[in-house]
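Single-letter residue listing:
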Amino acid sequence: MQLGMIGLGRMGGNIVRRLMKHGHSTVVYDKDPKAVAALAADGAAGASTLEDFVDKLERPRTAWVMLPAGKITEATIDALSKLMQAGDVIIDGGNTFWQDDVRRGKALKERGIHYVDVGTSGGVWGIDRGYCMMIGGDKAVVDRLDPIFAALAPGSGDIPRTGGREGRDPRIERGYIHAGPVGAGHFVKMVHNGIEYGLMQAYAEGFDILKNANIDALPPEHRFDFDLADIAEAWRRGSVIPSGRWTVNAAIDEAVPAEVLTAALFARFRSRKQHTFAEKILSAMRDGFGGHKEPQQHPGPAVQNAPDIVKPKVGRS
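Conventions we followed
- Residues numbered from 1 in each chain as written.
- Predicted model: local features only at pLDDT ≥ 70, side-chain atom pairs only at ≥ 80, totals over all residues.
- Heavy atoms only, no water.
- Helix = DSSP H or I, 4+ residues; strand = E, 2+ residues; numbered from the N terminus.
- Buried < 20%, exposed > 50% of the residue type's maximum accessible area, 1.4 Å probe, protein only.
- Areas by Shrake-Rupley, 256 points an atom, 1.4 Å probe, with all protein chains shown as cover.
- pLDDT = per-residue confidence, 0-100.
- Contact = heavy atoms within 4.5 Å.
- Expected span 1.5 Å × (residues − 1).
- Salt bridge = Lys/Arg side-chain N within 4 Å of Asp/Glu carboxyl O.
- Right-handed = clockwise from strand over helix to strand, strands pointing away.
- Pairing = 2+ DSSP bridges.
- Phe/Tyr/Trp six-rings, centres within 6.5 Å; stacked < 30°, edge-to-face > 60°.
- Core = buried A, V, L, I, M, F, W, Y, C linked by side-chain atoms within 4.5 Å.
- Patch = residues over 30% accessible without salt bridge, like charges linked within 9 Å, V, L, I, M, F, W, Y side chains within 5 Å.

K.L.:
Which parts of the structure should I look at to understand the overall build of the protein?
P.N.:
Regarding its fold elements, the protein presents 13 helices and 8 strands. Residues counted as buried form 38% of the 317 residues belonging to the protein. A total of about 17600 Å² of accessible surface is found on the protein, and carbon and sulfur atoms cover 57% of it.

If you want it as structure tokens, here you go:
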């Protein structure tokens, strides 16, 4: 299958290379001629202008825009849409705000051009590991482009299958999902990014507590001189981080700001009495992350409608 790629940075360029590795043909364009030449040397068809790019695509054309969200993506899609025809597809694989997708999709649909938003996660490692994709768009269009998405996806790997998923879309277990109509892909990716930022902040706060475990304000017998690099290396081998109460106490003793960790602890306290959907997820995760069982009065991991969350596997992000 053929795909055109506009924007040949690390993500865009590696997506092209992964597609070619899987036997797909590509047309590439970037404002930097050197980036185009580098991929042309690897087997892509290089384009010198946007018009040349569109001319080299076979109808129905599929053009993937992989540029920073904002004005440059907006201008590129606008210019591209004026060169494309009914039945063609424009994919935005950047971090666009989902409401912009909805607006663009509506405008392009009036001209018969399909719009697909693809929240793409994988970073610089995606060329080898694959890309987790969260896709929004019309089902018929997404299904037609499935060979592209399948080639880019991580695949099922060696992670055990989750029980009870018989009859569900098999793409999901291969690391990509058709999340819904236009805008749904970037909405899911938006939440994905929010979770990621929270995780990074929690790790940052935790390591700050470890680093300050040897400050003069602590009693000598309560001080520890930790090797943070060694701790991080041990944790990345598959640790389970079970409880937060004592961690927050240590942060207080060391006068270390730990907003995320503290908020998480108080959310745990609240969840013992209130049963929001988010708290049901937390309950399920406590069982999945180390087999911690909730008190009897809490709905626990078996509560109806709580998602099935499996234990994390080492070596898979």
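There is more to say, and it comes next.
K.L.:
Even after reading the chapter, I still don't get the confidence of the model for the protein, so can you show me in this structure?
P.N.:
Should the pLDDT be low somewhere, the predicted coordinates at that spot are not to be read in detail. With 85% of its residues at a pLDDT of at least 70, the protein reaches an overall mean of 86. Below a pLDDT of 50 lies the segment residues 297-317, which in the model reaches 41 contacts outside its immediate sequence neighbourhood of four places, other chains included.

K.L.:
Is there a simple way to think about helix α1 (residues 10-21) in this case?
P.N.:
Side chains of residues three or four places apart in an α-helix project in the same direction, reflecting 3.6 residues per turn. Between its terminal C-alpha atoms α1 stretches 16 Å, which fits the 16 Å expected from 12 residues at 1.5 Å a residue. Buried within α1 we find Gly12, Gly13, Asn14, Ile15, Val16, Arg18, Leu19 and Met20. In this structure, the buried residues of α1 make contact with β1 (2-6), β2 (25-29), α2 (33-41), β4 (62-65), α6 (126-129) and α8 (146-152). Taken from the residues just after α1, Gly23 is the one with a positive phi, measuring 90°.

K.L.:
Which parts of the structure should I look at to understand the pattern of salt bridges?
P.N.:
Pairs can form between side chains of opposite charge whenever their charged atoms are close. Taken as a whole and assessed by the stated rule, the structure comprises 13 salt bridges. Here Asp52 ties to Lys56 by a salt bridge, and the two come within 3.4 Å at their closest N and O atoms. For Arg104, the salt bridge goes to Glu74, with nearest N and O atoms at 3.0 Å. Taken together, the residues Arg104 in helix α5 (residues 98-109) and Glu74 in helix α4 (residues 71-83) connect sequence positions 30 residues apart.

K.L.:
I'm lost on the pairing of strand β6 (residues 114-121) in this one. Help?
P.N.:
Counting buried positions along β6 gives 6 out of 8 residues, so the element sits mostly inside the fold. Taking the sense of rotation as the criterion, the β-α-β connection linking strand β5 (residues 89-92), α5 and β6 turns out right-handed. The pairing of β6 with strand β7 (residues 132-136) spans 5 bridges and is antiparallel. By the bridge assignment for β7, Ser121 is matched with Cys132.

K.L.:
Looking at this model, I keep getting lost on the packing of aromatic side chains. Mind explaining?
P.N.:
Geometrically, a pair of aromatic rings is defined through the distance of the ring centres and the angle of the planes. For the coordinates displayed, the defined rule picks out 4 aromatic pairs. Taking 5.5 Å as the distance between ring centres and 20° as the angle between the ring planes, the aromatic pair formed by Phe224 and Phe226 counts as stacked. Of the residues examined, Phe226 reaches a relative accessible area of 35% and is grouped as partly exposed. Feature note: the residues Phe97, Trp98 and Phe187 constitute an aromatic cluster, connected by ring pairs.

K.L.:
Explain the pairing of β2 to me, please; I cannot follow it from the model alone.
P.N.:
For a regular strand, side-chain orientation follows a simple rule: the groups alternate between the two sheet faces. Counting buried positions along β2 yields 4 of 5 residues, so the element is predominantly enclosed. Strand direction decides the pairing type here: β1 and β2, joined by 5 bridges, are parallel. Note on β2: the bridge partner recorded for Met5 is Val28. Handedness of the crossover is the feature at issue here: the chain leaves β1, passes through α1, returns alongside β2, and the resulting connection is right-handed. Examined bridge by bridge, β2 and strand β3 (residues 45-46) share 2 bridges and lie parallel to one another. The residue of β3 that forms the bridge with Val28 is Gly46. Following the chain from β2 across α2 to the adjacent parallel β3, one finds a crossover that is right-handed.

K.L.:
Whenever I open this one, unusual backbone geometry confuses me. Can you help?
P.N.:
A negative phi angle characterises most non-glycine residues, just as the trans form characterises most peptide bonds. A cis amide bond, omega -5°, links Arg59 with the succeeding residue Pro60. Relative to the elements of secondary structure, Pro60 occurs in the loop between α3 (50-55) and β4.

K.L.:
For this particular structure, what's the right way to read the nonpolar core?
P.N.:
One broad rule of soluble globular proteins: the nonpolar side chains tend to lie buried together. Counting residues in hydrophobic clusters, the biggest one holds 31 residues, and the most contacted among them are Met5, Trp64, Ile91, Met133 and Phe149. At the level of secondary structure, the elements contributing two or more residues to this core comprise β1, α1, α2, β5, β6, β7, α7 (139-144) and α8. Those residues in contact with Phe149 that sit more than four places away from it in its chain are Trp64, Ile91, Val116, Val118, Met133, Ile135, Val142 and Tyr176. Judged by nonpolar contacts, the second largest core, of 18 residues, contains Tyr29, Leu80, Leu108 and Tyr115.

K.L.:
Explanation requested: a nonpolar patch on the surface in the structure shown.
P.N.:
A contiguous nonpolar surface patch, about 750 Å² in accessible area, is contributed by Phe97, Phe187, Met190, Val191, Ile195, Leu199, Tyr203 and Trp235. Top element by residues in the nonpolar patch is helix α9 (residues 184-211). It accounts for 6 residues. Here Ile195 shows up in helix α9. A relative accessible area of 53% places Ile195 in the exposed class.

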